[in-house]
Every structure is written in structure tokens, then in C-alpha cells.
Amino acid sequence: MYKIPNLDKILGFKHYISTVDDGNMSTLFCDEAKVLQNRRRFLEKCDIEEQDIAYMYSKEVHNKFIVVDKNSKDLGIIEPYGIKADGIITSDPNIALMLIVGDCITTLFYDPISHAIGIAHCGTKWIDNGTAEKTISLMEKQFQTNPKNLIVGIGPSIFIGVQNSYSNEPIN
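Residues numbered from 1 in each chain as written. Predicted model: local features only at pLDDT ≥ 70, side-chain atom pairs only at ≥ 80, totals over all residues. Heavy atoms only, no water.

**Overview of the overall build of the chain**
For the chain, the helix and strand inventory stands at four helices and 10 strands. Considering the chain as a whole, with its 172 residues, one finds that 41% of them fall into the buried category. A separation threshold of at least 6 residues defines the contact pool for the chain, and within that pool the share at least 24 residues apart is 57%. Of the roughly 10100 Å² that the chain leaves accessible, carbon and sulfur atoms contribute 51%. (Helix = DSSP H or I, 4+ residues; strand = E, 2+ residues; numbered from the N terminus. Buried < 20%, exposed > 50% of the residue type's maximum accessible area, 1.4 Å probe, protein only. Contact = heavy atoms within 4.5 Å. Areas by Shrake-Rupley, 256 points an atom, 1.4 Å probe, with all protein chains shown as cover.)

Spelled out as C-alpha cells, the structure:
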């Protein structure tokens, strides 16, 4: 498990990033039963209950941005597809947001005033589509977030290096 060091210092903002040691999280590259086992084991390691997860599935651009709360019908779905969106936000401290990426980038948003959080899928197509900006706009509308107050974290991403080999080493 990996945590972004500067985000980890923020009181009340928890985030967890799976690593190779946590097993494959994508059904694109592994048996679905094994992936679900890996996801459940990872959630347990993070002390997160499955029913408290808002898992965002974003393999293609949906141009959809969603607010989730305790009454959302798609909470707890971690198999294999969850909420089809490009960004999801919540102000409920009991909901964890989950996104699986490989060579795209997870972007995390935290509003220390309203304690709202957001997550956006920022791959090449999504950045061109304004995904980060649209997620922030939704936070402004729903939670009166001032973008100047936002703390933003950019998660790690795999990359193809020399001879098409993958690396999970951080880039400094």
C-alpha cells in the first residue's frame, strides 16, 4: 500500500493506493474471482467496509460527474463495474471513493473547509475533456468549495519505459 506523503499529513483525509504487492485489481488482466479477492483484502487492510465504497468505473469517457451519499444505490459495488463516471464527489466522511487505473492518473481533491472529497480519472482523453475542472465545478456547486482552498493529490501511474517494460517505481 502506498500513500502520497504530503496528503498523508492532512488530518481527516485518508487515502490508500494499492501496489503490485496488493495484487491485481483489474478484471481486464485477471480472473474476476481473484480480482474481487484482492480488492476485498485491500479494503480490509485499509479498514474500509465494502458497503462504504463508491467505486468509480471509468474505462471510457462518460462525461458524467456524480455526487454520492449514504443513500446512493451503487455503494458497495466493487465487482467488476461500479459507478460509470469520470469524477465522483462526497461530503460524507463514511464513504470511501475508489478508482482503478493503470497508465491513467487518479486525481484526488480535498476541501479542508467543507471536508468534501473528490476523485477524478485523468487519462489523456479525460484531461482533454476537462475532467479535473468539471469535478471541481461540481464541488463548487454542491459544497460551495472555493478552488483556492482545494488540496489536490495526483496519484501514481504506471508507464512504459525502455523496451516496453512497466515500472511501479515513483518518479522523482
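**Comments concerning the packing of aromatic side chains**
Enumeration according to the criterion identifies one aromatic pair in this entry. An angle of 45° between the planes, with centres 5.0 Å apart, marks the rings of Phe-13 and Tyr-110 as tilted. Of the two residues, Phe-13 is situated in the loop between helix H1 (5-8) and helix H2 (32-45) and Tyr-110 in strand E6 (residues 105-110); the sequence distance between them amounts to 97 residues. By the burial criterion, Phe-13 is buried, and Tyr-110 matches it. (Phe/Tyr/Trp six-rings, centres within 6.5 Å; stacked < 30°, edge-to-face > 60°.)

**Here's the deal with the sheet that holds strand E7 (residues 117-122)**
The pairing of strands in a sheet comes from backbone hydrogen bonds and takes either a parallel or an antiparallel form. With mixed pairing, five strands are arranged side by side in an open sheet as E2-E4-E7-E6-E8. Whereas interior strands pair on both sides, the edge strands pair on one side only; in this sheet they are strand E2 (65-67) and strand E8 (151-154). Looking at each pair of strands side by side, their axes are set apart by 15° on average, direction ignored. Pairing geometry for strand E4 (residues 87-90) and E7, over four bridges, is antiparallel. When the bridges of E7 are listed, Thr-90 appears paired with Ile-117. (Pairing = 2+ DSSP bridges. Axes fitted to C-alpha atoms, helices over the stretch in contact; angles between N-to-C directions.)

**Here we look at unusual backbone geometry**
Phi at Asp-47 is positive, roughly 60°, even though this residue is not glycine. Turning to its location among the elements, Asp-47 is positioned in the loop between H2 and strand E1 (53-57). Phi at His-115 is positive, roughly 65°, even though this residue is not glycine. When you line up the elements, His-115 lands in the loop between E6 and E7.

Shape is all these values report; function is a separate question.
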